[in-house]
Structures are given as C-alpha cells and as structure tokens.
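A closer look at the structure
As a plain string of letters, each chain reads:
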Amino acid sequence: DQQVKQNSPSLSVQEGRISILNCDYTNSMFDYFLWYKKYPAEGPTFLISISSIKDKNEDGRFTVFLNKSAKHLSLHIVPSQPGDSAVYFCSDTGANSKLTFGKGITLSVRP
Amino acid sequence: DVKVTQSSRYLVKRTGEKVFLECVQDMDHENMFWYRQDPGLGLRLIYFSYDVKMKEKGDIPEGYSVSREKKERFSLILESASTNQTSMYLCASSLIDRSDTEAFFGQGTRLTVV
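Heads up: these notes are all about the structure in this document.

As for the packing of aromatic side chains
Per the counting criterion, the structure on display carries eleven aromatic pairs over all chains. Arranged with centres 6.0 Å apart and planes meeting at 25°, the rings of B:Phe33 and B:Tyr35 form a pair that is stacked. Per residue, the accessibility class of B:Phe33 equals that of B:Tyr35, and both read buried. An aromatic cluster of three or more residues is present, and its members are A:Tyr36, A:Phe46, A:Phe89, A:Phe101, B:Phe33, B:Tyr35, B:Phe48 and B:Phe105.

Here is the structure:
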C-alpha cells in the first residue's frame, strides 16, 4: 500500500517569499501525485498534480517537483500571498483509484 | 458546475444514536469516499466504493458502515455514535481508473457527539 507522509505539520512564511511544502512516499508504483488545498470549514480542492514521467509541473505561482530517486515531492509557492494560508495535502491514487492523503501542512503567510 | 453535496453542515447527536451522513454527487463518478479530518491526523479514509453496492474498508472503518444503493449516493452510518466520533466528515468522488484527475469534495459535515 502506498503511504504518503508530510512530516512538517506547519510552515510560516512572509508574504512575497517562497513557500516550500514537502511530501514523501513509500511505494514507487504510482501514476500521479496530487496536491489539495483546504480552508477551514470547507472541503479540499484540487491544486496541482504531477505525473510519474515528469519531474516538474508548473501552474502560475505553484510548481510541484518530483524526485523519484528520493521518493520525495515538493510544492513551491512563489510569491506567497496571505490567501494561500490553508492546509495543504498531498495524495496519491492507488488501486481502484483509492485516495490516500498525508497528514497535511498548515501554511501561514504573514502580511 | 460539478458538485458533491453533503446533507448537513453541522450535526449534534447523542451517544448511542444511529447517525446517517448522506452524500450525493452529480458527476456520474464511479468512486466515492468517506474521510474524517481530525487535528494532527489529516484526512483518514473510512470507506470507499468503486461501484454500486461495492464497498471497501479504508484505514479506520471500525464503528462505521456504508451504503451505496445508487451510483450518485453514498451514505455513511454510525451504528452507535460515540464521543470519539466527533469529527469533520468529508465525502469525495472521482472517476475510476483516471489517476490523473482529481477528486471532488463536499463541504464537510461537522459532527459533534455529546
């Protein structure tokens, strides 16, 4: 079974600076990893994904990097904005498209 | 606009009550999921279903059951609610065998068991 791990529970950055959120995984058999963003009292929403055949995917201020040898992916937000303050989850898709998530990282962007 | 709708935003139930949480999606998705979110524990999968009448246990199924009689509806049942089931419950749906597409979540149900 795939496990995704987000070992840092929180991150605080200054507005305008870079935010780097990390995620590690255990099983190399996957097609995609996805990042979701969650505000309090709302359901998570999809942010960005990356395919196993790529090492980078960029969408505006958000870039996800994949390091397959280290079984590590990271989400970069540049520049960070106060509206980015939320909980970020990385997830994979396993058998039958089963979704498993990391514990999440709470990002706080200080004005 | 695609939608996953959960029947209640907030619920307060008493210990021992049978509780039904309903979820409906309008995207014709095969997969549906129930998660709970607790501080420090992230999103934990309770049950998921990849077809009508099909279900599989997630990571924390104890104390819960599910029902999927129609493709668009996935119900989570707490057979006898307990205080440790106080949590935020999230329903999601996704296309089967399409790992490149995201899951869509409902707005969540904040359940308090007293």
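From this point, things continue past the structure.
Some details on the nonpolar core
Judged by nonpolar contacts, the single largest core of 23 residues is most densely connected at A:Trp35, A:Leu73, A:Leu75 and A:Tyr88. For this core, the secondary structure elements donating two or more residues are strand E3 (19-25), strand E4 (32-38), strand E5 (45-51), strand E7 (62-67), strand E8 (72-77), strand E9 (86-93) and strand E11 (105-110) of chain A. In contact with A:Tyr88, other than residues within four places in its own chain, are A:Gln6, A:Leu21, A:Trp35, A:Tyr36, A:Lys37, A:Leu47, A:Leu75, A:Ile77, A:Gly104, A:Ile105 and A:Leu107. One finds B:Leu11, B:Val19, B:Trp34 and B:Tyr64 within the second-largest nonpolar core, a separate group that totals 21 residues.

Some points on the environment of B:Arg73
Residue and element names in this part refer to chain B. On the secondary structure map, arginine 73 appears in strand E8 (residues 73-78). The spacing of arginine 73 and aspartate 26 is 47 residues in sequence and 9.2 Å in space, taken between C-alpha atoms. The contact partners of arginine 73, leaving out residues within four places of it in the chain, are Glu22, Cys23, Val24, Met32, Ser67 and Arg68.

Comments concerning the sheet that holds strand E1 (residues 4-6) of chain B
Residue and element names in this part refer to chain B. One open sheet accounts for four strands, arranged E1-E3-E8-E7; its pairing is antiparallel. In this open sheet, the two strands that pair with only one neighbour each are E1 and strand E7 (64-70). Strand-to-strand twist in this sheet, taken as the mean axis angle between neighbours without regard to direction, amounts to 20°. Note: E7 against E8, five bridges, orientation antiparallel. Residue pairing in the sheet places lysine 70 in a bridge with arginine 73 of E8.

What counts, and where the lines are drawn
- Residues numbered from 1 in each chain as written.
- Chains lettered and ligands numbered in written order.
- Predicted model: local features only at pLDDT ≥ 70, side-chain atom pairs only at ≥ 80, totals over all residues.
- Heavy atoms only, no water.
- Phe/Tyr/Trp six-rings, centres within 6.5 Å; stacked < 30°, edge-to-face > 60°.
- Buried < 20%, exposed > 50% of the residue type's maximum accessible area, 1.4 Å probe, protein only.
- Core = buried A, V, L, I, M, F, W, Y, C linked by side-chain atoms within 4.5 Å.
- Helix = DSSP H or I, 4+ residues; strand = E, 2+ residues; numbered from the N terminus.
- Contact = heavy atoms within 4.5 Å.
- Pairing = 2+ DSSP bridges.
- Axes fitted to C-alpha atoms, helices over the stretch in contact; angles between N-to-C directions.

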